[in-house]
Amino acid sequence: MKIRLVGTRGSVARAGITTVRYGGDTSVVQVTAEGGRVVVLDAGSGLPRIQPDGDRIDILLSHLHFDHIQGLGFFKPLFDPDVETHIWGPVSTTMDLKQRLVRYLSPPLFPVRLRDLPNTHLHDVAPGTFSLGPFEVISDLVCHPGPTLGYRITENGRSFAYLPDHEPALGVRNFPPAPEWLSGADVARDVDVLLHDTQYTEDEYRERQGWGHSTLEHAVGFALTVGARRLVTFHHDPEHGDAQLDRRLEGAAASLRGDLKLIPGTADLALAI
């Protein structure tokens, strides 16, 4: 399995000289199986940079906040009748995925209507397990405003967990708690690679509790608790430039223990597991 970080920024895209190393596009991750099957996680502003070779593409949405779907309208395969595009997103108790996505993919927010896309198929995803070709996918609700899924993707015994927007410390007095009380723990337990929200500094988090995001320190504590082998930072705050993110990672490295490896979530980072 190969993992490529196409979009790494949180909340809003931020391109410029201060975001070259860690990237300016919002959340998009490409996962490629040994045989070439591609699954894309989220559809942020980096989505148009993905050009799949085959006649099918699957996009798994963690949730429907705009920074995670804004690339859909500019993704060329959606307009190609020869490419079968499947969009998967978290189930809601009020509206299905089509009803929610059509709010964006229709005038006045977008000139093309969702119903006019030639070969697009929508799927509501409840917590559970399903297969996409060679991949086994586990989805589960995690702590973030609105229906939000974390995903675990496994191929040939190798596992990757994706928790881009996640606040496991919310309401927890002594973090991290025992795994059975920890949001996202079942998705990430003993995973080979964990991609996790690290948006806030500790000072920022004190002012933004309940906004649905983590600090780097929370992500490290989470990774250690669930037994992840590698932690990749993600969903970088748009106000945090490359130099600041480098300094934060240097400081966090001192808190590591055991075999956990901390990896900077830089633009177009590629990992093989």
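Right above here is the structure, for reference.
Parameters and conventions
Residues numbered from 1 in each chain as written. Predicted model: local features only at pLDDT ≥ 70, side-chain atom pairs only at ≥ 80, totals over all residues. Heavy atoms only, no water. Core = buried A, V, L, I, M, F, W, Y, C linked by side-chain atoms within 4.5 Å. Buried < 20%, exposed > 50% of the residue type's maximum accessible area, 1.4 Å probe, protein only. Helix = DSSP H or I, 4+ residues; strand = E, 2+ residues; numbered from the N terminus. Contact = heavy atoms within 4.5 Å. Polar contact = N/O pair within 3.5 Å; in protein donor to acceptor, adjacent residues only side chain to side chain. Expected span 1.5 Å × (residues − 1). Pairing = 2+ DSSP bridges. Phe/Tyr/Trp six-rings, centres within 6.5 Å; stacked < 30°, edge-to-face > 60°. Axes fitted to C-alpha atoms, helices over the stretch in contact; angles between N-to-C directions.

K.L.:
Report on the nonpolar core, specifying residues and quantitative values.
P.N.:
A general feature of soluble globular proteins is that nonpolar side chains tend to end up buried together. Core analysis: the biggest nonpolar cluster contains 28 residues, and Val29, Leu41, Leu60, Ile153 and Phe160 have the highest contact counts within it. A per-element tally of this core places strand β9 (residues 149-155) first, with three residues. With near-sequence residues (within four places) excluded, Leu41 lies in contact with Ser27, Val28, Val29, Val31, Leu60, Tyr151, Ile153, Phe160 and Tyr162.

K.L.:
If you had to explain the side chain of Ser62 to someone new, which residues and values would you point to?
P.N.:
Positionally, Ser62 belongs in the loop between β4 (56-60) and β5 (84-90). Relative accessible area serves as the criterion here: at 0%, Ser62 is assigned to the buried category. A polar contact of 2.8 Å, which involves the side chain of Ser62, links it to the side chain of His63. Not counting the four nearest positions on each side in its chain, Ser62 is found in contact with Asp42, His68, Pro90, Pro147, Thr148, Leu149, Tyr151, Tyr162 and Pro164.

K.L.:
Residue-level account of the environment of Asp140, with values.
P.N.:
Its location among the elements puts Asp140 in strand β8 (residues 135-141). Among the residues examined, Asp140 registers a relative accessible area of 26% and is labelled partly exposed. Discounting chain neighbours no more than four positions away, the residues touching Asp140 are Pro127, Thr148, Leu149, Gly150, Asp186 and Val187.

K.L.:
Talk me through helix α5 (residues 242-253); I want residue IDs and the actual numbers.
P.N.:
An α-helix turns once every 3.6 residues. As a result, residues three or four positions apart point the same way. In this model, α5 (twelve residues) spans 17 Å end to end at C-alpha, consistent with the 16 Å of a helix rising 1.5 Å per residue. The inward-facing, buried residues of α5 contact α4 (216-226), β12 (230-234) and β13 (261-263).

K.L.:
Go over the pairing of strand β2 (residues 28-32), please, and point to the residues and values.
P.N.:
Counting buried positions along β2 yields five of five residues, so the element is predominantly enclosed. Here β2 shows a buried face lined by Val28, Gln30 and Thr32 and a second buried face lined by Val29 and Val31. By the bridge criterion, five bridges tie strand β1 (residues 2-7) to β2 in an arrangement that is antiparallel. Within β2, the residue paired with Leu5 across the bridge is Val29.

K.L.:
Before we move on, can you summarise the packing of aromatic side chains with the specific residues and values?
P.N.:
Tallying each qualifying case throughout the model produces five aromatic pairs. Where Trp88 meets Phe130, the ring centres are 5.1 Å apart and the plane angle is 15°; that geometry is what we call stacked. Taken together, the residues span a long stretch of sequence, with Trp88 in strand β5 and Phe130 in strand β7 (residues 128-132) at a distance of 42 residues. Trp88 gets classed as buried once you look at its relative accessible area, which sits at 13%.

K.L.:
Go over α4, please, and point to the residues and values.
P.N.:
Most of α4 is tucked away: eight of the eleven residues are buried. Of the residues making up α4, those classed as buried are Leu216, His218, Ala219, Val220, Gly221, Phe222, Ala223 and Val226. Phi for Gly227, located one or two positions after α4, is positive at around 80°.

K.L.:
Let's hear about the sheet that holds β13: which residues, and what values?
P.N.:
The sheet built from seven strands is open, its strands ordered β7-β8-β9-β10-β11-β12-β13 with mixed pairing. Pairing within the sheet leaves two strands with one partner each, and these edge strands are β7 and β13. Each strand of the sheet is rotated relative to its neighbour by a mean of 20°, with strand direction disregarded. Contacting β10 (158-163), β11 (193-197), β12 and β13, α4 runs over the sheet at an angle of about 150° to β11.

K.L.:
Describe in detail unusual backbone geometry, supporting the description with residues and values.
P.N.:
Here the amide bond leading from Pro107 into Pro108 is cis, since omega sits at 5°, within 30 degrees of zero. Note the cis peptide between Phe175 and Pro176, where omega equals 0°. You can see Pro176 is positioned in the loop between β10 and α2 (185-188). In the Ramachandran plot, Asn156 falls in the positive-phi region, its phi being about 50° despite a non-glycine side chain. Here Asn156 lies in the loop between β9 and β10. One non-glycine residue, Asp190, adopts positive backbone phi at about 55°. With respect to the element layout, Asp190 can be found in the loop between α2 and β11. Taking the relative accessible area as the measure of exposure, Asp190 reaches 45% and is therefore partly exposed.

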